[in-house]
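What the coordinates show
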Amino acid sequence: MTPTYTLPTGRLFIGGTHRDATDGATYTSINPATEEPIAQIAAAGAEDVDRAVRIARNAFESGRWATMSGAQRGQILARAADLIEQDAGNLAALETAEMGKLYSHSVDGDIPAAAATFRHFAGWADKLSGRTAMLPDFGPQPRFGFTLRQPLGVVGAITPWNNPAVIAAWKSAPALAAGCTVVIKPAEDAALSTLRLAELLAEAGLPDGVFNVVPGLGEVAGAALARHPGLDKISFTGSVEVGKQIGSLAGDNFRKVTLELGGKAPQLVLADADLEQAMPWIAMGNFYHTGQVCAAGTRVLVHESRVDEVVEGLAAVAASSTVGDPFDAASTMGTVVNDRQLERILGYVEAGRREGAKLVTGGNRLGERGFYVEPTVFVGDNDLTIAREEIFGPVATVIPFRDNDEAVRLANDTKYGLNAMIYTQNLSATHRIIPQLRVGTVWVNGWGVPDVSLPWGGRGGSGIGRELGQSGLEAYTEEKTVYLGL
């Protein structure tokens, strides 16, 4: 049974007020499981984005938020966390309806994670501090030095469709805790939960203008926000191609930037891996959320002595998967987000076949209505297109290696550098391999989602900077140095 949910207004949220787009433009949100319309959503234009940024600037410079004590900000963010938890069923249903993620994963995973993010940074809001230093005398004058952590100002955030509430929380909670104001542009395929989040933040007591939402098309609203000169920072999660453009715009305006641009993560299965323990994690790293996860481990690098076991294990999980209605508790995999993503995934499957990879199982669209695709397993090598490019779908490529040195070489032979996984019972091998992997995060004998208390981010084509943890909080501040003559 589909849970009932309440649609937000679908209008822009600027200055604490729901607004239509200036030109009246809207777009239609589509349910990927039924291909039926869910809602009409206002499509912000450049004028709307400019209004949101100017209102956010006024809210910052008026001091209604930044000069509020950290403890007061923390109380409001903690109330927001409580309200998110209370609205979890509604928020989860909105996300499932818009982008086809299993409802169980949303209500038990994503929405509690968003609440936990606000609660975590609520606790940090009154703990931002600088450093002190006793300095040598400068001539006859004794000196003392210290630094201040001050909020950057107005932050623009552009979020993806795969985990809308979670990533909105990742970007906005630390920014708000630091005293910044926020203008967020959610992905057009999944804007409803972010619009609902704005209502919950307002209910929690966030002053008008501190958190603003401008849904719309990426090439219009996203581009206008990315290039707006009134921002002090832009934080973007999405494709490498768009990330490059945003990084260039940020550089032109001498603006802070955080970019999280996805990955093509390797899962290193060493010769001594405990496959009974490892296989559920290896499979989850490929098929969770229909593979639409930036941390997905779709390059499964396996010691040549264990390839058959891993291939059989992945094929068994794929064959036993129940791909169906994401609201149905019996489903183990929902849809992909839209028809473009479905065609993209099927195009990569065809590329794998064409380039000589061995298709073990899957590779087809399921049904004629809804954007369903079979979980897919290939065996091939690291030079295949399906091993080089981020597919963002449930397509695993098993790649044999001879020894650990080759495993590391293959793992690093990619433009991406977000995360990696190692499966082994050899502690010494683990500690030798971890420093050699050119990634931001390594999981050992498991796979999962980032924890809010630790930094998350990549290198190379996976982006710039870190979110979450203390590093993610400080990324929304400017450190000011003070020399005090005594």
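A few points on the structure. (Residues numbered from 1 in each chain as written. Predicted model: local features only at pLDDT ≥ 70, side-chain atom pairs only at ≥ 80, totals over all residues. Heavy atoms only, no water.)

1. Points about the side chain of Asp110
Tracing the backbone through its elements, the reader meets Asp110 in helix H4 (residues 103–124). Asp110 sits in the buried class, given a relative accessible area of 6%. If we skip the residues at most four places from it in the chain, Asp110 touches Glu95, Lys101, His105, Asn163, Val166 and Tyr288. (Helix = DSSP H or I, 4+ residues; strand = E, 2+ residues; numbered from the N terminus. Buried < 20%, exposed > 50% of the residue type's maximum accessible area, 1.4 Å probe, protein only. Contact = heavy atoms within 4.5 Å.)

2. Regarding the nonpolar core
Judged by nonpolar contacts, the single largest core of 96 residues is most densely connected at Phe118, Leu176, Phe211, Val269, Leu314 and Val398. Broken down by element, this core gets its largest block of residues, 11 residues, from helix H5 (residues 164–178). Setting aside its immediate chain neighbours within four residues, Leu314 contacts Met279, Ile282, Ala283, Asn286, Phe287, Val300, Val377, Ala396 and Val398. Counting 29 residues, the second largest nonpolar core, distinct from the first, contains Leu270, Leu301, Val336 and Val439. (Core = buried A, V, L, I, M, F, W, Y, C linked by side-chain atoms within 4.5 Å.)

3. Observations regarding the pattern of salt bridges
Applying the stated rule across the entire model yields 25 salt bridges. Of the charged contacts, one joins Asp48 and Arg51 as a salt bridge, the two residues approaching to 3.5 Å between their closest N and O atoms. Here Arg51 and Asp48 lie together in helix H1 (residues 46–61), a separation of three residues that amounts to about one turn. For Asp48, a relative accessible area of 2% corresponds to the buried category. Across the salt bridge formed by Glu478 and Lys256, the nearest N and O atoms sit 3.6 Å from each other. You can see Glu478 sitting in strand S22 (residues 477–485) and its partner Lys256 sitting in strand S11 (residues 256–260), a full 222 residues away along the chain. (Salt bridge = Lys/Arg side-chain N within 4 Å of Asp/Glu carboxyl O.)

4. Re the packing of aromatic side chains
Taken as a whole, this structure holds six aromatic pairs when the rule is applied. Consider the rings of Trp443 and Trp447, whose centres lie 6.5 Å apart with planes at 40 degrees: the pair is tilted. Overall, the relative accessible area of 16% leaves Trp443 in the buried class. Ring geometry for Trp443 and Trp456: centres 6.0 Å apart, planes at 50 degrees, overall tilted. Linking Trp443 in strand S20 (residues 441–444) with Trp456 in the loop between S20 and strand S21 (463–464), this pair joins segments that are 13 residues apart in sequence. (Phe/Tyr/Trp six-rings, centres within 6.5 Å; stacked < 30°, edge-to-face > 60°.)

5. Some remarks on the sheet that holds S22
Spatially, three strands are ordered S5-S6-S22 in an open sheet, and the strand pairing comes out antiparallel. Looking at which strands have only one partner, the edges of the open sheet turn out to be strand S5 (132–138) and S22. Direction aside, neighbouring strands of the sheet carry axes that sit 25 degrees apart on average. As paired strands, S5 and strand S6 (residues 141–151) are joined by five bridges and run antiparallel to one another. By the bridge assignment for S6, Ala133 is matched with Gly145. (Pairing = 2+ DSSP bridges. Axes fitted to C-alpha atoms, helices over the stretch in contact; angles between N-to-C directions.)

6. Some points on H4
Working note: α-helix, 3.6 residues per turn, so residues spaced by three or four point in the same direction. For H4, built from 22 residues, the straight-helix expectation of 32 Å at 1.5 Å per residue is met to within 8% by its first-to-last C-alpha distance of 31 Å. Of the residues making up H4, those classed as buried are Tyr103, Ser106, Val107, Asp110, Ile111, Ala114, Ala115, Thr117, Phe118, Phe121 and Ala122. (Expected span 1.5 Å × (residues − 1).)

7. Here's the deal with the environment of Val183
Locating Val183 in the fold gives a position in strand S8 (residues 181–185). Under the relative-accessibility criterion, Val183 is labelled buried at 0%. Setting aside residues no more than four positions away along its own chain, Val183 makes contact with Ala52, Val53, Ala56, Val155, Gly156, Ala157, Asn212, Val214 and Leu225.

8. Re the packing of H4 against H5
The contact between H4 and H5 brings their axes to 9 Å, and the two run at 5 degrees. By the angle between their directions, the pair H4 and H5 is classed as roughly parallel. Mapping the contact onto sequence places Asp110, Ile111, Ala113, Ala114, Thr117, Phe118 and Phe121 in H4 and Ala165, Val166, Ala169, Trp170, Ser172, Ala173, Pro174, Leu176 and Ala177 in H5. Per-class residue counts for the contact of H4 with H5 are 13 nonpolar, two polar and one charged. (Parallel < 35°, antiparallel > 145°, perpendicular 65-115°, else oblique. Nonpolar A, V, L, I, M, F, W, Y, C, P; charged D, E, K, R; others polar.)

9. Describing the pairing of strand S17 (residues 376–379)
Taking every second residue as pointing to the same face, both faces of S17 are buried, with Thr376 and Phe378 on one and Val377 and Val379 on the other. Sheet topology note: the strand S14 (residues 358–361)/S17 ladder contains three bridges and is antiparallel. What sits directly across from Thr361, in S17, is Val377.

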